[in-house]
Amino acid sequence: MFRDKKAQVGDTVTWIIATIIIIVMIFFFVLGSSLLSETKKIVGYKSSLFSNNLLYKNDFFISKSLYTYYQIINSKDKTTLMDGIKKLPVEEYVEQTLEQRSNEIKLRLG
Amino acid sequence: MKNKRGEEKIISIYWFFILIIVAGGIILMVRTFYNDPYDVREIEASLLAEKVANCIDLAGKMNPDLISNDGIFKPEFKDHFLSRCSLNFNSENDLKAIQYYLEVNFYNDKNTKTSLFQLVAGNSNWKSDCDLNDKKYKRLVVCVKKKFYANDNSGRIYLVDILSMVNKGDKNVQG
């Protein structure tokens, strides 16, 4: 009888501790999700949440300026324009450098 | 035997209680995580700026509807800026103020201080908010500034400066 009671107490304590652990774990998960949940700002096009590759291959506005650059004939104007393009703010999430994009456009225009 | 049955009953009630706690926890987690909206205003403002850039500059040459061969900007384009660029700033709710603002300045490539021509559309009331700290004031407008070079048919080069602004704080930011 006494042994039975002891076993029952042991069982109950196990279940109580298990319940506390479950509740504490859930509390931390809820806390974590609330910390992660603050308004998510989307600034680039990512293929997945954990991907480092963004779909911006090149800067749209730099490309536009480079198309202008290759349409200018005057070499002096070209040099001034290239200096200006180099000073333009570049999009943060781009793969190609100015030189790479410039070469690509040059090839495309022939 | 009777005791065992009672014990089983208690355990099944306990399991039911745990199940409710776990399920409630999962529901709470999902609700907390997905309750906050996604702030897409920066992308929206960038897309707006890109759309305007495509309207002004057609593959390296400026739109002939905007500028004549003599390098004179056409006021008709300014008057019908939104329709010429296929833009519609009307809000879904008639009582709500316009949530967008666009400003395009054209500068001579050698003098970037004096604007030669300006295109303006939308609600300019929030323009001053662009200079405020967007991390501190999340609900304020999102401003995107873009610059590029374009040339006209006569080979004159212009620096085009676009300011694109999107408000829509109630839809993109919570709290």
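This text gives an overview of the structure that appears in the document. Everything quoted here is computed from the prediction, not taken from an experiment. (Residues numbered from 1 in each chain as written. Chains lettered and ligands numbered in written order. Predicted model: local features only at pLDDT ≥ 70, side-chain atom pairs only at ≥ 80, totals over all residues. Heavy atoms only, no water.)

Bringing the interface of chain B and chain A into the picture now. Taken residue by residue, the interface counts 44 residues in chain B and 35 residues in chain A. Between chain B and chain A, roughly 3,700 Å² of surface is buried when both sides are summed, and carbon and sulfur atoms account for 65% of that area. At the boundary of chain B and chain A, one finds one salt bridge. Put simply, Lys64(A) and Asp57(B) hold a salt bridge, and the shortest N to O gap is 3.3 Å. Linking chain B to chain A there are six residue pairs in polar contact (both at pLDDT 80 or more). Within the residue set of the side of chain B that touches chain A, elements represented by two or more residues are α1 (2-35), β1 (38-39), α2 (41-56), β6 (142-151) and β7 (157-166) of chain B. Looking at the side of chain B that touches chain A element by element, the count peaks at twelve residues for α1(B). Looking at the side of chain B that touches chain A residue by residue, the class counts come to 24 nonpolar, eight polar and twelve charged. Note that strand β1 (residues 40-41) of chain A and β1(B) share two bridges and pair parallel. Residue Lys40(A) lies in a different strand from β1(B), and its bridge partner there is Tyr38(B). (Contact = heavy atoms within 4.5 Å. Buried area = accessible area lost by both parts, 1.4 Å probe. Salt bridge = Lys/Arg side-chain N within 4 Å of Asp/Glu carboxyl O. Polar contact = N/O pair within 3.5 Å; in protein donor to acceptor, adjacent residues only side chain to side chain. Helix = DSSP H or I, 4+ residues; strand = E, 2+ residues; numbered from the N terminus. Nonpolar A, V, L, I, M, F, W, Y, C, P; charged D, E, K, R; others polar. Pairing = 2+ DSSP bridges.)

What follows is about the state of the cysteines. Residue and element names in this part refer to chain B. All chains considered together, the criterion is met by two disulfides over all chains. Note that Cys-55 is cross-linked by a disulfide to Cys-85, the S-S spacing being 2.1 Å. Judged by the torsion about the S-S bond (-75°), the Cys-55/Cys-85 disulfide is left-handed. Taken together, the positions of Cys-55 in helix α2 and Cys-85 in the loop between α4 (81-84) and β4 (100-108) put the pair 30 residues apart, joining distant regions of the chain. (Disulfide = S-S within 2.5 Å.)

Turning our attention to the packing of aromatic side chains. Within the structure shown, the criterion is met by 14 aromatic pairs over all chains. Each ring, one from Phe61(A) and one from Phe148(B), has its centre 5.9 Å from the other, and the planes form 40°; the classification is tilted. In this pair, Phe61(A) sits in helix α2 (residues 60-69) while Phe148(B) sits in strand β6, so the two residues belong to two different chains. Each member of the pair, Phe61(A) together with Phe148(B), is buried. Centroid distance Tyr14(B) to Trp15(B): 5.8 Å. Interplanar angle 65°. Geometry classified as edge-to-face. On the basis of relative accessible area, Tyr14(B) is assigned to the buried category, the value being 15%. What links up through ring pairs into an aromatic cluster is the set Phe73(B), Phe106(B), Phe117(B) and Tyr158(B). A cation over a ring is seen here: Lys78(A) above Tyr69(A), with NZ or CZ 5.0 Å from the ring centre. (Phe/Tyr/Trp six-rings, centres within 6.5 Å; stacked < 30°, edge-to-face > 60°. Buried < 20%, exposed > 50% of the residue type's maximum accessible area, 1.4 Å probe, protein only. Lys NZ or Arg CZ within 6 Å of the ring centre and 35° of its normal.)

Just geometry here; none of it tells us what the structure is for.
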